[in-house]
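Spelled out from the first residue to the last, the chains are:
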Amino acid sequence: MPCFSFASANTRSIVGSLISVLASLTYLSTINSLVLLIVIIGIIPYTILELRFNKKNFYLLSKLMSVKREEQYFSNLVSQRNTIKEIRLFNAFDFFSDKWNRIYNQYALEQINFTKEKSKLVFFSEVLIVTTYAIGGGIIIFDLNPDTAAGSLLATLHTIQLFQSSISSTSKYYSTYKGASIFVSDFINFTNYAVNKEYRKVSNSNLSEITNIKIKDFTFKYPNQNSNSLNNINLEINKGDRVEIVGENGCGKTTLMKCILGLYTPKSESIFVNDVPLREIDITVNARIKLTLFAR
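Residues numbered from 1 in each chain as written. Predicted model: local features only at pLDDT ≥ 70, side-chain atom pairs only at ≥ 80, totals over all residues. Heavy atoms only, no water.

What exactly am I supposed to notice about the packing of helix α2 (residues 33–77) against helix α4 (residues 93–142) here?
For any two helices packed against each other, the geometry is given by the interaxial angle and the distance between the axes. Close contact between α2 and α4 brings their axes to 10 Å; oriented N to C, the two are set at 175°. For the element pair α2 / α4, the angle class is roughly antiparallel. Looking at the contact of α2 with α4 residue by residue, the class counts come to 28 nonpolar, eight polar and eleven charged. (Axes fitted to C-alpha atoms, helices over the stretch in contact; angles between N-to-C directions. Helix = DSSP H or I, 4+ residues; strand = E, 2+ residues; numbered from the N terminus. Parallel < 35°, antiparallel > 145°, perpendicular 65-115°, else oblique. Nonpolar A, V, L, I, M, F, W, Y, C, P; charged D, E, K, R; others polar.)

Spelled out as structure tokens, the structure:
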């Protein structure tokens, strides 16, 4: 609903600005075609910059996404009540604070450099807009008929200004729309991403009810890591069992849960549900069943 409202409002703004542009074009074309050409040339760089930097902004945010998440992680560590107690207990505040400060500065520097680059180019494009406005106004005054009323001159100058501001507004609205559409397209591509295509799917009847989960000699290592997060885990859970997994922070409790749920893909057939290897289960069909099991 918010996306629809945003798109609807943005479309109305674009249509309104385009109407002003067309009206200004029609009027200026009857006054002086040279002035019209100069004004159009003056607004082109600004329009191109708006479109270009919205796309660059998307790629910058994508590039810095991992940095931003890391920064937020350390920020939460040193500010949330459930973590600050342990950090103070182990006298680790300065350590985590320095890490947050370094990562935040990296993120902020990238954003500042982007803003500086955009501001410089936009400044020159706006100078060009003002210059073409002055040139257009000068041509109108130079060609002015002595019998022409002052109101007609002011109307022409105001039309030039209206044309430039309407084009600028249209560029901004369209650029914002295109920028938002890039993020939406990225999200749609993510949601449509095929999950584990290499899985051989089984019939839904095989998992109409989960009665048993077995883990045999299960070992798991995250990509680009030298050591295993889980080593030779053996576990069996039957329907109705209440199992507690206890361990220190970072020992792999959450990792094990995500592997059982199929969120992480084990390389070997070490996890079985109802004696069916997890790798042979269509998790997109049976996710609700497994989540219900763990919710209980």
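Still more to cover.
Is there a simple way to explain the side chain of S125 in this structure?
Mapped onto the secondary structure, S125 falls in helix α4. Contact partners of S125, with chain neighbours within four places excluded, come to G42, P45, Y46 and L49. (Contact = heavy atoms within 4.5 Å.)

What am I meant to see in the sheet that holds strand β3 (residues 271–273) here?
Where strands meet in a sheet, backbone hydrogen bonds hold them as pairs that are either parallel or antiparallel. One open sheet accounts for four strands, arranged β2-β1-β3-β4; its pairing is antiparallel. The sheet is open, and its two edges are formed by β2 (230–238) and β4 (276–277), each paired on a single side. Both strand β1 (residues 212–220) and β3 contribute to a ladder of three bridges, which runs antiparallel. Residue pairing in the sheet places I213 in a bridge with V273 of β3. Against the sheet, helix α6 (residues 253–260) engages β1, β2 and β3, with an angle of about 120° to β1. (Pairing = 2+ DSSP bridges.)

Is there a simple way to think about the side chain of T132 in this case?
Here T132 lies in helix α4. A polar atom in the side chain of T132 sits 2.8 Å from the backbone oxygen of I129. Contact partners of T132, with chain neighbours within four places excluded, come to I38, G42 and Q164. (Polar contact = N/O pair within 3.5 Å; in protein donor to acceptor, adjacent residues only side chain to side chain.)

What exactly am I supposed to notice about the pattern of salt bridges here?
Two side chains of opposite charge can pair, provided their charged atoms sit close to one another. Throughout the structure, instances matching the rule amount to five salt bridges. When the shortest N-O distance is used, the salt bridge between K68 and E71 registers 3.3 Å. Of this pair, K68 and E71 both sit in helix α2, three residues apart, which is roughly one turn of the helix. Beyond isolated ion pairs, a larger network of salt bridges with shared partners links R52, K56 and E117. (Salt bridge = Lys/Arg side-chain N within 4 Å of Asp/Glu carboxyl O.)

Explain the packing of aromatic side chains here, please?
What characterises a pair of aromatic rings is the spacing of the ring centres plus the angle enclosed by the ring planes. As enumerated under the stated definition, the model contains ten aromatic pairs in all. Geometrically, the ring pair formed by F220 and Y264 is stacked, given 5.7 Å between the ring centres and 5° between the ring planes. Linking F220 in strand β1 with Y264 in the loop between α6 and β3, this pair joins segments that are 44 residues apart in sequence. Relative accessible area serves as the criterion here: at 8%, F220 is assigned to the buried category. An aromatic cluster of three or more residues is present, and its members are Y73, F74, F95 and F96. Across the ring face of F53, the terminal group of R52 is positioned such that the distance to the ring centre comes to 5.2 Å. A cation over an aromatic ring shows up here: K216 above the ring of F272, its NZ or CZ 5.2 Å from the ring centre. (Phe/Tyr/Trp six-rings, centres within 6.5 Å; stacked < 30°, edge-to-face > 60°. Buried < 20%, exposed > 50% of the residue type's maximum accessible area, 1.4 Å probe, protein only. Lys NZ or Arg CZ within 6 Å of the ring centre and 35° of its normal.)

What is the right way to read the pairing of β1 from this model?
Here is the key point about a regular strand: its side chains alternate between the two faces of the sheet. Of the pairings in the sheet, the one linking β1 to β2 comprises six bridges and is antiparallel in character. By the bridge assignment for β2, I215 is matched with L235.

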